[in-house]
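Summary of the model geometry
Read off the chains here:
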Amino acid sequence: MRKLLTIFCIGIILYSACSKQRPVSPVKNSFKISINPGISYGATSTWQQVVGGEGIITFTPSNTDTLSAVSDSLSLANVASYNKQVFAGTYSIGLKTKSTAIADTFIRFNAVVNNLLINQDQAISFQATTADGVITINKSLIDTTVIPTFTPAGSASPSIFGKAKGYYFVYVSGNTTGRITFVDATTSYTYLKDLTVNAMAQYDLSPVINKTDVVVRSHSFQPKAYIKKTNL
């Protein structure tokens, strides 16, 4: 089961479908799409997902020989400023991240809406999915001179944690086992923790001072994504 969360804003200006008998004339109606996720992690988690990296959006027309599929690359950090002109018609619209790395500093996702008729201002619902889990460590627990890392099993190349919202964090592809390494802020002791990361789960780590133990608090997240209509 794979799901997602994130905040997107996509503006699309609609044009009427072209015909062989008359030139294309623009439809005056226009609309703006914005996704506002609702996230449920459990009572003790306040983590908010980090969106970033490069994405690709594709508009695939349905049941027509006069319209062609179009796609754009875009920065997901700036998705709110993305605009696209399309002709009126029925489309399947997909938005996904390009990253295929085992670990990264933003959530990877795929969001799709199928057979959407574009001919007026309207509310749209996207289904968004993810195969990522996330590892977090409160930055107050970490020696700020040493950035935590995650090294997948069988690899010699560690992935460096990002830092946001008061935490060090890294997103990991589901069903991946690896080793987390970090240095405690109080004792400067280096902690090692082997962990298997599942999709749609947050693993919040904290060291046990004067011991070699690491406490792992896990939270399943059930992100919900919806798009609400906003007039331009």
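Everything below is about the structure printed above this text.
Here goes a summary of the coordinates provided.

1. Let's talk about the sheet that holds strand E15 (residues 176-183)
Taken in spatial order, the four strands of this open sheet run E12-E11-E15-E16, and their pairing is antiparallel. Each edge of the open sheet carries a strand with a single partner, namely strand E12 (159-160) and strand E16 (190-197). Inspection of the sheet shows strand E11 (residues 149-152) paired to E12 by two bridges, in the antiparallel sense. For Phe150, the partnering residue across the bridge sits in E12 and is Ser159.

2. Some details on unusual backbone geometry
We note that Lys165 has phi near 55°; this positive angle belongs to a residue other than glycine. Within the element layout of this structure, Lys165 appears in the loop between strand E13 (162-164) and strand E14 (167-173). With a phi close to 65°, Asn210 is a non-glycine residue in the positive phi region. In this fold, Asn210 is placed in the loop between strand E17 (201-207) and strand E18 (214-220). A residue is classified by how much of its surface remains accessible, and Asn210, at 71% relative accessible area, is exposed.

3. Thoughts on the nonpolar core
Within the largest apolar cluster, 18 residues are counted, with the highest numbers of intra-cluster contacts made by Ile135, Phe150, Phe161, Ile180, Phe182 and Leu205. Within the residue set of this core, elements represented by two or more residues are strand E10 (132-138), E14, E15, E16 and E17. In this structure, Phe182 is in contact with Ile137, Ile142, Pro148, Tyr189, Thr190, Tyr191, Leu205, Pro207 and Val214, ignoring residues within four places of it in sequence. Of all hydrophobic cores here, the second largest spans 17 residues; its members include Phe59, Tyr82, Leu95 and Phe109.

4. Some details on the side chain of Asp104
As for its position among the elements, Asp104 is in strand E7 (residues 103-104). In terms of polar contacts, Asp104 uses its side chain to reach the side chain of Ser99, at 2.7 Å. When residues no more than four places from it in sequence are discounted, the contact partners of Asp104 are Ser99, Val170 and Tyr171.

5. Here we look at the environment of Gly94
As for its position among the elements, Gly94 is in strand E6 (residues 89-97). In the structure, Gly94 is positioned 36 residues away from Thr58 in sequence and 5.2 Å away in space, judged by C-alpha atoms. Excluding residues that lie within four positions of it along the chain, Gly94 makes contacts with Ile56, Ile57, Thr58, Ala111 and Val112.

6. A look at the packing of aromatic side chains
Under the definition given, this model contains six aromatic pairs. Their ring planes at 75° and their centres at 5.9 Å tell us that Phe169 and Tyr171 sit as a pair that is edge-to-face. Taken as a pair, Phe169 and Tyr171 share a single burial class, namely buried. Taken together, Trp47, Tyr167, Phe169 and Tyr171 form an aromatic cluster joined through their ring pairs.

Cut-offs and rules
Residues numbered from 1 in each chain as written. Predicted model: local features only at pLDDT ≥ 70, side-chain atom pairs only at ≥ 80, totals over all residues. Heavy atoms only, no water. Pairing = 2+ DSSP bridges. Helix = DSSP H or I, 4+ residues; strand = E, 2+ residues; numbered from the N terminus. Buried < 20%, exposed > 50% of the residue type's maximum accessible area, 1.4 Å probe, protein only. Core = buried A, V, L, I, M, F, W, Y, C linked by side-chain atoms within 4.5 Å. Contact = heavy atoms within 4.5 Å. Polar contact = N/O pair within 3.5 Å; in protein donor to acceptor, adjacent residues only side chain to side chain. Phe/Tyr/Trp six-rings, centres within 6.5 Å; stacked < 30°, edge-to-face > 60°.

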